[in-house]
Amino acid sequence: MTEPLAQGVADRIVAAVEGLEEELVDFSADLIRIPTVNPPGAHYRPCAELIGERLCEFGFEVDQVVAEDSAEHSTAYPRVNVVGLREGSSDRPLVHINGHIDVVPVGHGWTVDPFGGEVKNGRLYGRGSADMKAGLACGIYATEALRRAGLELCGSVEVSGTVDEESGGFAGVAHLAQIGRLTADRIDYALIPEPLDVDRVCVGHRGVYWFKVTARGQIGHGSMPFLGVNAIAETGALLESVRTQLEPRLAQRVTAMPVVPADARRATININAILGGQGGEDPQTPCVADHCETIFDRRFLIEEEFEASKQEIVELLQQVEAEHPNWSFEIEDLMVVHPTQTPDGSPLVATLEHNIEQVLGREAMRIASPGTYDQKHFSKIGGVHHCVAYGPGILEQAHQPDEWCGIQDMVDSAKVMALSIAELIGVR
Ligand SMILES: [Zn+2]
């Protein structure tokens, strides 16, 4: 466990954050004004440059890492990540702050300019305000507050702005971990200011198994369906088995991880898409559908094994096939994300919880996220297990129309981050 800061030092850090409020909000708004929408992954370079310039001003050594070999990278949409390092008197311990710079598409229902960076009623509005440009800005200004407070760092701080989290993070955090930049031989603690509420520390997430089931049938004339085998009918039977057999079994499995909302503590399966027979836009001819594809999203618990979760699906397919000799299903894995959880007793969690209580005057909540985020890459590829998500945005605001982040929450979370960084790496 790290030592709490002397009261005088803590007071100086808190005052420095308060003095930076206007700059912090302006910088966050500037980030929102760059429409880094993903897909397709637009305007990453100017956003990475803006972050890089600010980090340079704040005494960081900055470089860009372009994931040129990634499948997602193209000349039109380059995958530009930015990393800044500020070394103290020692290179360790090192606290790394990571934020994704991509935002999801705007969607409908906005009453403000999604890329205006407008401030009103104590809120900063715009796509990516909560998820998670304000959070990244808070992390950057938390490190700057230590400098403005006149403190010298004993260990080091590093900040990265990375691409593509919303589409899996493969050209972003995963790439940086693969090339040895975000790895445990350099990094002691990683903090990701995702929008999970200013008084909650998020210690991980469940696993994800996306897969496609293709039902195969036999084409025939629609006037004589008994001469064909209808793949959509096969799929209908499969979905009925999922509903009546698999779902009730999954609902009985509950993780010990503190996932919020509580209903997301259960294992779940979602039917994401169905594509069968002739295309809905196509002119229709009378045919028996000979193929039907269904995409499933199975969330599995840290207490479940991936292989067993998949085997359970395979057995369900075999059971439906066994009842109908002409039916056949194929399963194809689309994506597997393993569950991840910060180790019990992590000093990172303890420090954040302690400082949340100091700054907000209420007890911190420890949670796990219903969805996944880049912690998986830090942990599984980089071996950085002392990794959490903690940031100012409200979870329910993520991906919504009229997305906003509360300015008081930004200031409070920046205080929590600054105090925690100071405790973890040491200041004098
Ligand atoms: Zn996010």
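Nothing here was measured: the structure is a model prediction, and the numbers come from that model.

(A) Focus on the overall build of the protein. Secondary structure summary: the protein contains ten helices and 16 strands in total. For the protein, whose C-alpha radius of gyration is 24 Å, the value lies close to the compact-globule estimate of 22 Å for 428 residues. Along the first, second and third principal axes, the C-alpha atoms of the protein reach 85 × 40 × 40 Å. The 428 residues of the protein split such that 49% are buried. The contacts of the protein with a sequence gap of at least 6 include a subset with a gap of at least 24, amounting to 80%.

(B) The nonpolar core, seen in detail. Counting 96 residues, the largest nonpolar core has Ile13, Ala145, Leu146, Val388, Ala414, Ala418 and Ile421 as its most contacted members. Take this core: its biggest share by element is twelve residues, from helix H10 (residues 407–425). With residues up to four places along the chain from it excluded, the contact list for Ala418 reads Ile13, Val17, Ala142, Ala145 and Leu146.

(C) Local environment of helix H4 (residues 129–148). In this model H4 runs just 25 Å from its N-terminal to its C-terminal C-alpha over 20 residues, more than 12% under the 28 Å that 1.5 Å per residue would give. Of the residues trailing H4, Gly150 is marked for its positive phi of about 75°.

(D) Fine view of the domain arrangement of the protein. The domain boundaries assigned to the protein delineate domain 1 (7–205 + 339–425) and domain 2 (207–337). Partitioned by chemical class, the residues of the side of domain 1 that touches domain 2 number four nonpolar, three polar and two charged.

(E) Fine view of the sheet that holds strand S12 (residues 328–337). Spatially, S10-S11-S9-S12 is the arrangement adopted by the four strands of the open sheet, whose pairing is antiparallel. The strands lining the two open edges of the sheet, one partner per strand, are strand S10 (268–276) and S12. The sheet shows a mean angle of 20° between the axes of neighbouring strands, direction not considered. As paired elements, strand S9 (residues 207–216) and strand S11 (residues 291–300) share ten bridges and run antiparallel to each other. Residue pairing for S11: Arg216 is matched across the bridge by His291.

(F) Structural context of the pairing of S11. Bridge count between S10 and S11: eight bridges; the pairing is antiparallel. Bridging across to S11, Ala273 finds its partner in Ile295.

(G) Broad picture of the packing of helix H6 (residues 231–251) against helix H7 (residues 306–323). Between H6 and H7, whose axes approach to 10 Å, the crossing angle comes to 125°. Here H6 is positioned oblique relative to H7, judged by the angle of their axes. Note that H6 runs across H7; the crossing there is right-handed. Where H6 abuts H7, its residues Ala237, Leu238, Ser241, Gln245 and Leu246 lie against Leu316, Leu317, Gln319 and Val320. Taken together, the residues of the contact of H6 with H7 break down into six nonpolar, three polar and no charged.

(H) Inspection of the environment of Gly345 at higher detail. On the secondary structure map, Gly345 appears in the loop between strand S13 (340–341) and helix H8 (347–360). Between the C-alpha atoms of Gly345 and His386, which are 41 residues apart in sequence, the distance is 9.8 Å.

(I) Molecular detail of the sheet that holds strand S4 (residues 119–120). Spatial strand order, S4-S5-S16: three strands in an open sheet with antiparallel pairing. With one partner strand each, in any of the chains shown, S4 and strand S16 (404–406) form the two edges of the open sheet. Strand direction decides the pairing type here: S4 and strand S5 (residues 123–125), joined by two bridges, are antiparallel. Of the residues in S5, the one forming a bridge with Lys120 is Arg123. Packing of H4 onto the sheet brings it into contact with S5 and S16, and relative to S16 it is tilted by some 45°.

(J) How the structure looks around unusual backbone geometry. A cis amide bond links Pro39 to the next residue, Pro40, at an omega of 10°. Residue Pro261 is bonded to the preceding Val260 through a cis peptide linkage, with omega at -10°. Positioned with a positive phi, Asp164 is a non-glycine residue whose angle comes to about 70°. Given 27 C-beta atoms within 10 Å, Asp164 falls into the buried group.

(K) Summary view of the environment of Met224. Locating Met224 in the fold gives a position in the loop between S9 and H6. Met224 gets classed as exposed once you count the C-beta atoms within 10 Å, which come to 10. Each C-alpha atom, one on Met224 and one on Pro105, is 45 Å from the other, the two residues being 119 residues apart in sequence.

Calculation criteria
- Residues numbered from 1 in each chain as written.
- Predicted model: local features only at pLDDT ≥ 70, side-chain atom pairs only at ≥ 80, totals over all residues.
- Helix = DSSP H or I, 4+ residues; strand = E, 2+ residues; numbered from the N terminus.
- Rg over C-alpha atoms; globule rule 2.2 N^0.38 Å.
- Buried ≥ 20, exposed ≤ 12 C-beta atoms within 10 Å, placed from the backbone.
- Contact = placed C-beta atoms within 7 Å.
- Core = buried A, V, L, I, M, F, W, Y, C linked by C-beta atoms within 7 Å.
- Expected span 1.5 Å × (residues − 1).
- Domains from an automatic or database assignment.
- Nonpolar A, V, L, I, M, F, W, Y, C, P; charged D, E, K, R; others polar.
- Pairing = 2+ DSSP bridges.
- Axes fitted to C-alpha atoms, helices over the stretch in contact; angles between N-to-C directions.
- Parallel < 35°, antiparallel > 145°, perpendicular 65-115°, else oblique.
- Left-handed = near helix turned anticlockwise from the far one by under 90°.

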